[in-house]
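Below, each chain spelled out in residue letters.
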Amino acid sequence: MKKLSFAALCGAFLLGGTAFAAPGLTVSGTDLLYNGKKIFFSGTNLAWSDYNSDVGASPLNENAWRKAVEGTRAAGGNAIRWWLFNNMSQSPEIDQTTHLVSGLKENTINNMKKALDIAEEYGVMVSMCLFSHNLMEPNQWGLYDEKLDITANTNLFEDEGTQAFIDNALIPVVKAIGNHKALMTWEVFNEPEGMTSECSGWTTKKMALSKIQAFTNKVAAAIHTENPELLVSTGSVNIQYQKYWNDAALVAAGGKANGTLDFFQTHYYPYWQNDAVSPFVNTAAQMASKYSYDSKPMIIGEFPASGWKGDTYTTSMAAKTQISTEECYRKAFDGGYAGALAWQYIGDKTESNFGGYTYTIDPALKAMTALAATEEASIKIKDVAISQEGGDGKMAVTYGGDNAQIEYQKTWDLSKANTFTFEVKNQGTSDAQLNLIFKLTDAWTWTEVEGPCEVAAGESKICSFDISSYADRNKTLSVVIANYAAGYTGTILYDNFKAGDQVLWDFNEDKYDAFSRGFENTEEMIPEIKIVFGEGSIGIEPRAVSLAAGGTFNIAGNTISLVTAKAGDVSVDMFGMNGKRVATLFHGTLTQGSYAFSLENMPKGMYIVRVKGARIAATRPVLVK
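Scope of this entry: the structure provided in the associated data block. (Residues numbered from 1 in each chain as written. Predicted model: local features only at pLDDT ≥ 70, side-chain atom pairs only at ≥ 80, totals over all residues. Heavy atoms only, no water.)

**Comments concerning the pairing of strand β22 (residues 460-466)**
Taking burial as the measure, the seven residues of β22 include seven buried ones, the bulk of the element. The sheet contact formed by strand β18 (residues 419-426) and β22 spans seven bridges and is antiparallel. Each residue of the ladder has a partner; that of Val424, found in β22, is Lys461. (Buried < 20%, exposed > 50% of the residue type's maximum accessible area, 1.4 Å probe, protein only. Helix = DSSP H or I, 4+ residues; strand = E, 2+ residues; numbered from the N terminus. Pairing = 2+ DSSP bridges.)

This is the structure we're talking about:
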């Protein structure tokens, strides 16, 4: 990744009039070159798969990362942007006495290497963004509020704090990653202007622009001193502020002559910005002249993946010009920009801060495909064969330690469902105990649903949980399955997760759309999570269920058998697969003993039976024939 001037490139190893440069990414005027040839970075953002935690104590979510990288490459793209330390609430290590960066969390370098290795497989390069403006936001939500050390974040911009970060985190990372073929740039900040009063910043706590400039200067200098071949950039929120990242401004602030940026990145959102600062309305040359920033390559590092034209354009938008996603990539390419990266791959959600409508990455992928159809020679880094698996898929989770959890974060409205079910096959040699946990409301309230679902070694069954009493399930932010069986090791297959009759996951189409490891679960606890195809059906067979309070609950043919260990008020209810109660077979007082309830008068079909009362709580599916 040698930085060469254009003249040096022209003078290097001429053969038949063609210039050859050292392999890697280089800068020539306002262009980026890859192996000596002009390149356009067509790509996406995967800012995080696990907010704040993609590098740190937890292993990388390889499924989420590979899905984004492979999807970007399948669309003809070649770049992805990823956030690392973000607001420092999870990583790096902070000394609790001095409030200075003292080192790296255990998986920091390993996760970075894995991510870059996967990207290299596909010919995709990564903009590695170190920090974001929310360093200066002391009121983070959830556990990030609990763990954020605002004193440490403020100290980061003082001489001692800056040097501690450089010595104890930055240089060890830069040395370990080296000249990785997938490393596009070390990006110092995401939208640093958001922390300042001078640039209409929005964070609760503000930092002087000069301190952010000085920090940027010293970090860039440290990277360039350690490895002069590496490129450094930063991601500005608005191109009108780009002059603050010019060479002269940075050197004046921090005093390091080599602490400058090799190229620029800017962001554009029509919800807050108008045509005057739009890189999709103005060419790169026009912008450099208008806003007086240095003549360097400029990548559009963020913009809405949905575009802002037709259905995605709202009257609240400041932009006067409607532009589709396909036009965004085309205009960026034709306008002299060095790349365009849409926000963002985890889409599929409604985000009021980004226009208030549902957006996904799909329009960006289609637009990238259209651009690659005519401009592949300027984009493609390597040929890659991408397999298209599909069919009857299942999620295979391999467990290696106690209290392991898998989690899927997304917002659902489960208020119309009274049951939560999934099929499971225990391929291990010991029994599993599976518990359902929800995180509800914006406070991420942990709610453990009654359980566990006991799954004997070799057993296949449907685990069913009654969720009817959880009033806040209309805003379910996360689903967690916890295996509390002590000492359990082995693989469990999961399939057909349903809330009532709503299918949440059947794993049949997306080979990477799996749960991730639960918070702070290690690779030792869960070595692998993957989607497998061609494993056949789970093959659920009826069998007796042992009850926590003693006794058994079994279904044979059209008869429910119940053995109670305690006396008490008991109800035996039938629910349809949509979660609605369709019949009550019994409700009254039972003494200790054995009881049978007939299903012969029930219409044929699939039901959920719930037995509850007298310290009993059990559900299971039944097919009435």
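**Some points on the nonpolar core**
Counting residues in each nonpolar core, the largest one holds 101 residues, and the members touching the most others are Trp65, Phe131, Phe157, Phe165 and Trp186. If one sorts the elements of this core by residue count, helix α6 (residues 159-177) sits on top with eight residues. Among all residues touching Trp65, those that are not within four sequence positions of it are Leu46, Leu60, Ile80, Trp82, Ala115, Ile118, Ala119 and Val126. (Core = buried A, V, L, I, M, F, W, Y, C linked by side-chain atoms within 4.5 Å. Contact = heavy atoms within 4.5 Å.)

**Regarding the sheet that holds strand β1 (residues 25-28)**
Pairing is antiparallel across the open sheet formed by three strands, whose spatial order is β1-β2-β3. Each of the sheet's edge strands pairs with one partner strand only, and the pair in question is β1 and β3 (37-39). Between one strand and the next, the sheet's axes are offset by a mean angle of 50°, whatever the strand orientation. Bridging between strand β2 (residues 31-34) and β3 involves three bridges; their strand directions are antiparallel. Counted as the bridge partner of Leu32 is Ile39 from β3. (Axes fitted to C-alpha atoms, helices over the stretch in contact; angles between N-to-C directions.)

**Describing the pattern of salt bridges**
Under the counting rule described, the total for this entry stands at 19 salt bridges. Its salt-bridge partner being Lys38, residue Asp31 comes within 3.6 Å of it at the nearest N-O pair. In this structure, Asp334 and Arg330 form a salt bridge, with 2.9 Å as the shortest nitrogen-oxygen distance. Remark: Arg330 and Asp334 occur in helix α10 (residues 325-334); sequence separation between them is four residues, near one turn of the helix. By relative accessible area, which is 55% here, Asp334 ends up exposed. Using a relative accessible area of 27% as the deciding quantity, one classes Arg330 as partly exposed. (Salt bridge = Lys/Arg side-chain N within 4 Å of Asp/Glu carboxyl O.)

**Focus on empty space enclosed by the protein**
Scanning the entire structure with this criterion turns up four cavities of 30 Å³ or more. Computed from the structure, the largest cavity encloses a volume of approximately 110 Å³. What lines the largest cavity is a set of 14 residues, and nearest its centre among them are Asp50, Ser58, Pro59, Asn61 and Arg517. Across the lining of the largest cavity, the residue classes break down as three nonpolar, seven polar and four charged. (1 Å grid on protein atoms, 1.4 Å probe; cavity = no way out; pocket = protein on both sides within 12 Å on 5 of 7 lines; lining within 4 Å. Points joined across faces, edges and corners; volume = space filled by probe spheres on them. Nonpolar A, V, L, I, M, F, W, Y, C, P; charged D, E, K, R; others polar.)

**Here we look at the packing of α10 against helix α11 (residues 362-379)**
Contact geometry for α10 and α11: axes closest at 7 Å, N-to-C directions at 30°. Seen from above, α10 lies across α11 with right-handed handedness. Residues Thr325, Glu326, Tyr329, Arg330 and Phe333 of α10 pack against Pro363, Ala364, Ala367, Met368, Ala370, Leu371, Thr374, Glu375 and Ser378 of α11. In terms of residue class, the contact of α10 with α11 is built from eight nonpolar, three polar and three charged. (Left-handed = near helix turned anticlockwise from the far one by under 90°.)

**Examining the packing of aromatic side chains**
With the rule as written, the count across this model stands at 41 aromatic pairs. With a centroid separation of 6.1 Å and an interplanar angle of 15°, the aromatic rings of Phe157 and Phe189 are classed as stacked. Highlighted residues: Phe157 in the loop between α5 (150-155) and α6 and Phe189 in strand β9 (residues 183-190), separated in sequence by 32 residues. The pair Phe157 / Phe189 is uniform in exposure class, with both members buried. Taken together through their ring pairs, the aromatic side chains of Tyr408, Trp412, Phe420, Phe422, Phe438, Phe465, Tyr494, Phe497, Trp505, Phe507 and Phe515 make up a single cluster. (Phe/Tyr/Trp six-rings, centres within 6.5 Å; stacked < 30°, edge-to-face > 60°.)

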